[in-house]
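# Report on the structure
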Amino acid sequence: MNSLPVNTWEFNEGVKNTDILSAISSEFDTEINPATTSSLQFYDDFDTHLWKANYLLCQVNEQKFQLIDHSGCINEVRASSDARFWWEFSDSKVKDKLQKLVGLRAVLPITSLNLIEIDFSLRNGDQKIVVKGHLTQSMVGDKVTCYFTLQALRGYAKYYARVAQLLRPFIKVKINDFGLRFLLMGQDIQAIEPKQGIPLSLTEDMRTEQAVRAMAIVMLDQAGLHVDGVIADTDTEFLHQFRVNVRKLRSLMSLLKKALPATMIDTLKPRLSSIASKTNKLRDLDVFIVAQDSYRAMLPANFESGLSELYRLIGKQRQQEKNKVARYLSSNDYKTDVGACAAELSLNATFQTPMALKPVLQVVKKLLLKRYHKMLAMSAAINSQSADEKIHELRIEFKKLRYLIEFFVDLLPRKRTGKIVSEIKKIQTVLGDYNDYCIQIEFLNSYVDDTRVEMSKALSGLIAILYQKKTEERPKVESALAYFFTENMTIEFDLVFEAAETGDSK
Amino acid sequence: MKVIACYSMKGGVGKTATSVNLAYWAAKSGLKTLLIDLDPQGASSFYFRVKPSSKQWAKRFFNAYENLVKHIKASDFENLDIIPAHLSFRNFDTLLAGFKKRKNRLKRVLKGFKKEYDLVVLDCPPSISHLSESIFIASDLVLVPVIPTTLSERTFEQLMAFFEENDYPQNKIVPFFSMVQAQKSLHKATMEAMSARYKMFLNMVIPYSSDIEKMGVYKAPVDVFAKSSQANYAYIELWTEVSETTKKLV
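The structure presented is a predicted model; accordingly, all values stated were derived computationally and were not measured.

About the thresholds
Residues numbered from 1 in each chain as written. Chains lettered and ligands numbered in written order. Predicted model: local features only at pLDDT ≥ 70, side-chain atom pairs only at ≥ 80, totals over all residues. Helix = DSSP H or I, 4+ residues; strand = E, 2+ residues; numbered from the N terminus. Rg over C-alpha atoms; globule rule 2.2 N^0.38 Å. Buried ≥ 20, exposed ≤ 12 C-beta atoms within 10 Å, placed from the backbone. Contact = placed C-beta atoms within 7 Å. pLDDT = per-residue confidence, 0-100. Nonpolar A, V, L, I, M, F, W, Y, C, P; charged D, E, K, R; others polar. Pairing = 2+ DSSP bridges. Axes fitted to C-alpha atoms, helices over the stretch in contact; angles between N-to-C directions. Domains from an automatic or database assignment. Parallel < 35°, antiparallel > 145°, perpendicular 65-115°, else oblique. Left-handed = near helix turned anticlockwise from the far one by under 90°. Core = buried A, V, L, I, M, F, W, Y, C linked by C-beta atoms within 7 Å. Expected span 1.5 Å × (residues − 1).

So, on to the overall build of chain A. Looking only at helices and strands, chain A has 19 helices and 10 strands in total. Taking 23 Å as the expected radius of gyration for a compact globule of 506 residues, we find that chain A reaches 30 Å, considerably beyond that expectation. In terms of overall dimensions, chain A has C-alpha extents of about 90 × 65 × 50 Å along its principal axes. Across the 506 residues of chain A, 27% fall into the buried class. If you take every contact in chain A between residues at least 6 apart in sequence, the share linking residues at least 24 apart comes to 68%.

Put into structure tokens, the structure is as follows:
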């Protein structure tokens, strides 16, 4: 199959369509189709998942959206103008793709593009079309940019070359990969800029207190990026990511507290704890609402009215809780607390403890070994009779261990650390599933109310099913622990994180 | 990829008009279509304003698919390409006579197009010859325009007999009435008799129409200059029927 040239050029500023057409019409009969104008609104989520995956979501009218992939292939979907979540789009390939790419995120308008496009054909002396072309005028504010695309036709390549020659005086630059993505890249779209405000650069011999301060400031900054989304209640991921960053910050403080001055701990610990606790309930409600479909699927149809009553109640509570959280995050109390944390973290290192002065990589490796061996001992004490709390404690330890690795992953041996993290993730999934059942049972129990008979029946049904699932999950916990804590894993930790001698965790 | 030949051993029955309009509607329906003008008169190429190469290339036509590819030209319409005829195609029979396995030659070279095209339409010259036999073997469907007159009826009978004598599958033959003048009693009577005798006639008939003649003036398929004409409607319906028949082919 022949591959025919298709090229696009940007014209010099000030060149008009009439200039171009008069240059061409000296040798060709020009057939111009009526111009089409379009105003396209583009959408993406806060994390620009679509842009990063080379997709564009574009609203073409009040009822229709298009998802355009990297090759320009367009899939259309019907949805109302205010559709924001994947489940609000009608059943289609687009809906499935959005579910995969943006998950629970809302898609929001990021920019718009105004285009005037004209198709035209050039005919030779036999009145045969020998070259096809497309003019694109992109308008951003007052700035108009003209692009010209020429398409050669099979068997008529020499005419294409001639037209390209006639246009040469008007051309500013040849454009590779011309399309909507190219036109959007020409705009200054803040929404697709990387979100990280403060860059973090760690070195292995950086003193521990300095490293922790630098990292903590980034985490606090990252948490702050999600506040507006929580207040606006754009999607539930804003609160989730806000909490993840606060949790990581608290873990960092806790894991490396011996490298930090007491004043810093005194300033940050109670404030971060207060910030996190104020968002707990809203997160619990979000989790339960997100899992609504799976809960509904667990119960037979005769529990439907009770479950709907429960969800109405939870929906109402969420609304109240969301307002409460939004008020709090807009309050001076919150701003003062965050300001105090930021001010404390921004102070120069004071090196009040011996650990504060040590190179961070050395400290982290030692800490990782210590934590691993502590967890090994905790795991050894767990059996089929152990209380749920013991499993919960170990789950928290795994979380901290993974955080500690991930915080300093750039300083650690990449490949072997990656393998360890992948094993940690696997066991975290098992422990997390078990914990989720425990938490959900507790959460649902708190709603049992004798005055609401139907709702309480549905709750009892759900609790019974979840209890059954939890019981089935329990043996998996012990198996997963046995699978993780092997002699080989201990050797691997000792080797990767450089114990003085194998088995030495001091 | 399917191959449809517009064939009749009789001239002036509407083969070229049918090839041009069917190829146009096939392309418009989304099929990547290649029209090969095998008739050295080059009428279908002319209707698409496509000129042949100045080189005499008929002797390379049956050698390899790559030789044909070089001569493909885009039409003015999306999805439709053309290999224009060349006067040297008048020598096809002499050329084929010199080949071993000549009957399979056309089928072999067309095979190369299957990756690129969904449909190949062959506009055939009026003869019954080595080339015609290559066409019968290469085609999935031999579309035969029949003017409902005594002479055309006789020609059609000859074609059926030729297929039978040479063991070519007669079910490839799909005739339809062309250039029909409904007011003529002879046309009506012939159509009735032939439809009763040959059940494979398509339902759609192409009327005798000045709009079809005007294709030469406008150098375009009927749809381009006479969208609302009866002739255009007839070609749309004919394509629908041919397309359905083609889909049934294994």
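Here we take up the overall build of chain B. When helices and strands are tallied, chain B shows 13 helices and 7 strands. Taken against the 2.2 N^0.38 rule, which gives 18 Å for 250 residues, the C-alpha radius of gyration of chain B at 17 Å falls within 12% of a compact globule. Across its three principal axes, chain B shows a C-alpha extent of roughly 50 × 45 × 30 Å. For chain B, with 250 residues in total, the buried portion stands at 45%. Taking all contacts inside chain B whose residues are at least 6 apart in sequence as the whole, residues at least 24 apart take part in 78%.

The next thing to look at is unusual backbone geometry. Glycine aside, a negative phi is what most residues show, and trans is what most peptide bonds show. Residues and elements named next belong to chain B. One non-glycine residue, Asn 79, lies in the positive phi region at around 75 degrees. Here Asn 79 falls in the buried class, since 20 other C-beta atoms lie within 10 Å of it. At Met 179, a position not held by glycine, the phi torsion is positive, near 55 degrees. Inspection of the secondary structure assignment puts Met 179 in the loop between strand E7 (173-177) and helix H9 (185-197).

Residues at a pLDDT of 70 or more form 99% of chain B, whose mean pLDDT is 90. Among the scores for the predicted complex, ipTM is 0.87 and pTM is 0.75.

Our focus in this paragraph is the interface of chain A and chain B. Many authors give the size of an interface as the accessible area that is lost as the parts come together. The partner chain B presents 9 residues to the 9 residues of chain A that form the contact. Taken together, the residues of the side of chain A that touches chain B break down into 4 nonpolar, 2 polar and 3 charged.

Next up on the list: the sheet that holds E7 of chain B. Residues and elements named next belong to chain B. Within the open sheet, the 7 strands sit side by side as E3-E4-E2-E5-E1-E6-E7. Their pairing is mixed. Whereas interior strands pair on both sides, the edge strands pair on one side only; in this sheet they are strand E3 (73-74) and E7. As defined by bridge partners, strand E2 (residues 33-37) adjoins strand E5 (residues 119-123) across 5 bridges and the pair is classed as parallel. Each bridged residue has a counterpart across the sheet, and for Ile 36 the counterpart in E5 is Leu 122. Strands in contact with helix H1 (residues 15-28) are strand E1 (2-6), E2, strand E4 (80-83), E5 and strand E6 (141-146); relative to E5, the strand with the most contacts, it is inclined by about 165 degrees.

Summarising burial for E2 of chain B: 5 of the 5 residues are buried, a large majority. Side chains Thr 33, Leu 35 and Asp 37 of chain B of E2 of chain B all project onto a buried face; the interleaved residues Leu 34 and Ile 36 of chain B project onto the opposite face, where all are buried too.

A separate point is the environment of Met 264 of chain A. Mapped onto the elements, Met 264 of chain A comes out in helix H9 (residues 262-277). Separated by 76 residues in the primary sequence, Met 264 of chain A and Ala 340 of chain A place their C-alpha atoms 9.9 Å from one another.

A word on the domain arrangement of chain A. All names here are of chain A. Partitioning chain A into domains gives domain 1 (6-190), domain 2 (198-358) and domain 3 (359-506). Summarising the inter-unit geometry, the C-alpha centres of domain 2 and domain 3 are found 20 Å apart. Across the boundary between the two partners, domain 2 contributes 26 residues, which contact 24 residues of domain 3. Every element with two or more residues in the side of domain 2 that touches domain 3 is listed here: helix H6 (208-225), helix H8 (236-255), helix H10 (280-290), helix H11 (292-298) and helix H12 (304-330). In terms of residues, the side of domain 2 that touches domain 3 owes the most to one element, H12, which gives 5 residues. Of the residues that constitute the side of domain 2 that touches domain 3, the class distribution is 15 nonpolar, 4 polar and 7 charged.

Quick look at the packing of H6 of chain A against helix H13 (residues 332-346) of chain A now. All names here are of chain A. As a packed pair, H6 and H13 sit with axes 9 Å apart at the nearest point and diverge in direction by 155 degrees. By the criterion of interaxial angle, the relationship of H6 to H13 is roughly antiparallel. Between H6 and H13 lies a crossing whose hand is left-handed. Mapping the contact onto sequence places Arg 213, Ala 216, Ile 217, Leu 220 and Gly 224 in H6 and Val 338, Cys 341, Ala 342, Leu 345 and Ser 346 in H13. By residue class, the composition of the contact of H6 with H13 is 7 nonpolar, 2 polar and 1 charged.

The next thing to look at is the nonpolar core. Counting residues in hydrophobic clusters, the biggest one holds 72 residues, and the most contacted among them are Ala 5, Ala 23, Val 120, Val 121, Leu 122 and Ile 135 of chain B. Core analysis: the next-biggest nonpolar cluster, separate from the first, contains 67 residues, Leu 255, Leu 268, Val 360 and Leu 412 of chain A among them.

Now for helix H15 (residues 360-380) of chain A. All names here are of chain A. Look at H15: 30 Å from first C-alpha to last across 21 residues, which is about the 30 Å you get at 1.5 Å a residue. Inspection of H15 places Val 360, Leu 361, Val 363, Val 364, Lys 365, Leu 367, Leu 368, Leu 369, Arg 371, Tyr 372 and Ser 379 among the buried residues, and these make up the whole buried set. In this structure, the buried side of H15 is in contact with H6, H8, helix H14 (354-357), helix H16 (388-407), helix H18 (453-484) and helix H19 (487-496).

Okay, the packing of H1 of chain B against helix H13 (residues 230-248) of chain B next. Geometry of a packed helix pair, given as the angle between the helix axes and the separation of the axes. Residues and elements named next belong to chain B. Between H1 and H13, whose axes approach to 9 Å, the crossing angle comes to 70 degrees. Put simply, H1 runs roughly perpendicular to H13. By crossing handedness, the relation of H1 to H13 is classed as right-handed. Between H1 and H13, the contacting residues are Asn 21, Leu 22, Trp 25 and Ala 26 on the first element and Tyr 235, Ile 236, Leu 238, Trp 239 and Val 242 on the second. Of the residues in the contact of H1 with H13, the class split is 8 nonpolar, 1 polar and no charged.

A few words on the environment of Phe 46 of chain A. Residues and elements named next belong to chain A. Here Phe 46 lies in the loop between strand E3 (36-44) and helix H2 (49-52). A tally of 22 C-beta atoms within 10 Å means that Phe 46 is categorised as buried. Not counting chain neighbours up to four residues away, the residues in contact with Phe 46 comprise Arg 105 and Gly 229.

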